[in-house]
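Report on the structure
Residues per chain are reported as follows:
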Amino acid sequence: MNALQLASEEQNPLIPALPEIIIGLIAFAIVFGFLAKRLLPNINKVLEERREAIEGGIEKADAAQTEAQSVLEQYKAQLAEARHEAARLRQEAQEQGAVIIQEMRAEGQRQREEIIAAGHTQIEADRKAAASALRQDVGSLATALAGKLVGESLEDHARQSGTVDRFLDELEAKAEAVR
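Before going into details, it helps to say that this report is about the structure given with it. Since we're looking at a predicted model, the values are computed, not measured.

**Let's talk about the overall build of the chain**
The number of helices and strands found in the chain is three helices and zero strands. Listed by position from the N terminus, the elements making up the chain come as α-α-α. Here the chain holds 179 residues, and 3% of them are scored as buried. Here the chain displays about 15,900 Å² of accessible surface, and carbon together with sulfur accounts for 62% of that area.

**Notes on the environment of Thr163**
Along the chain, Thr163 turns up in helix α3 (residues 157-178). Spatially, the C-alpha atom of Thr163 lies 9.2 Å from that of Ala142, the residues being 21 residues apart in sequence.

**Let's talk about the pattern of salt bridges**
What the rule picks out here adds up to seven salt bridges. Here Arg110 and Glu107 are joined by a salt bridge, their closest N and O atoms 2.2 Å apart. Taken together, the residues span about one helical turn, with Arg110 and Glu107 both in helix α2 (residues 18-150) at a distance of three residues. Residues Glu124 and Arg127 are paired through a salt bridge, measuring 2.5 Å at the closest nitrogen-oxygen approach. In this pair, Glu124 and Arg127 are both assigned in helix α2, three residues apart and thus about one turn of the helix distant.

Cut-offs and rules
Residues numbered from 1 in each chain as written. Predicted model: local features only at pLDDT ≥ 70, side-chain atom pairs only at ≥ 80, totals over all residues. Heavy atoms only, no water. Helix = DSSP H or I, 4+ residues; strand = E, 2+ residues; numbered from the N terminus. Buried < 20%, exposed > 50% of the residue type's maximum accessible area, 1.4 Å probe, protein only. Areas by Shrake-Rupley, 256 points an atom, 1.4 Å probe, with all protein chains shown as cover. Salt bridge = Lys/Arg side-chain N within 4 Å of Asp/Glu carboxyl O.

Structural data, given as structure tokens:
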């Protein structure tokens, strides 16, 4: 038992002696007081500044998001307006194109009619010139033939013209009667 008594008289190594506990508590109170007076206000101040910065950042982010949303809505409205304007311009261009095509067709029709009228006029002038030339040629041939048949010269121009004109008028009258 001696060893047992000796072991019970010895202190437990896990439990410190009472004076050490008192000195430790006093030292802890001094360090805690120092930290509470000096460091804790600074720590609280830094934490408050961080909280305000975070809240300000969130408010700024919300404001930026609201502004971005309004800008997006404006952009969408402008885009819709631009599409509407493009459709209107496209429609106007089609209408103007149709008007221009119609005007060009009318101008083409007018020019065609002018060309046809000029062609008819030219044909009529050419026909008259050809008829006149044919009359002269037929007249001279008929005069020459008549001169050979009659046996005398029909060189007198006035007589020749009168005879030829009369002969051709009779032919034209017969041709018109047949029609």
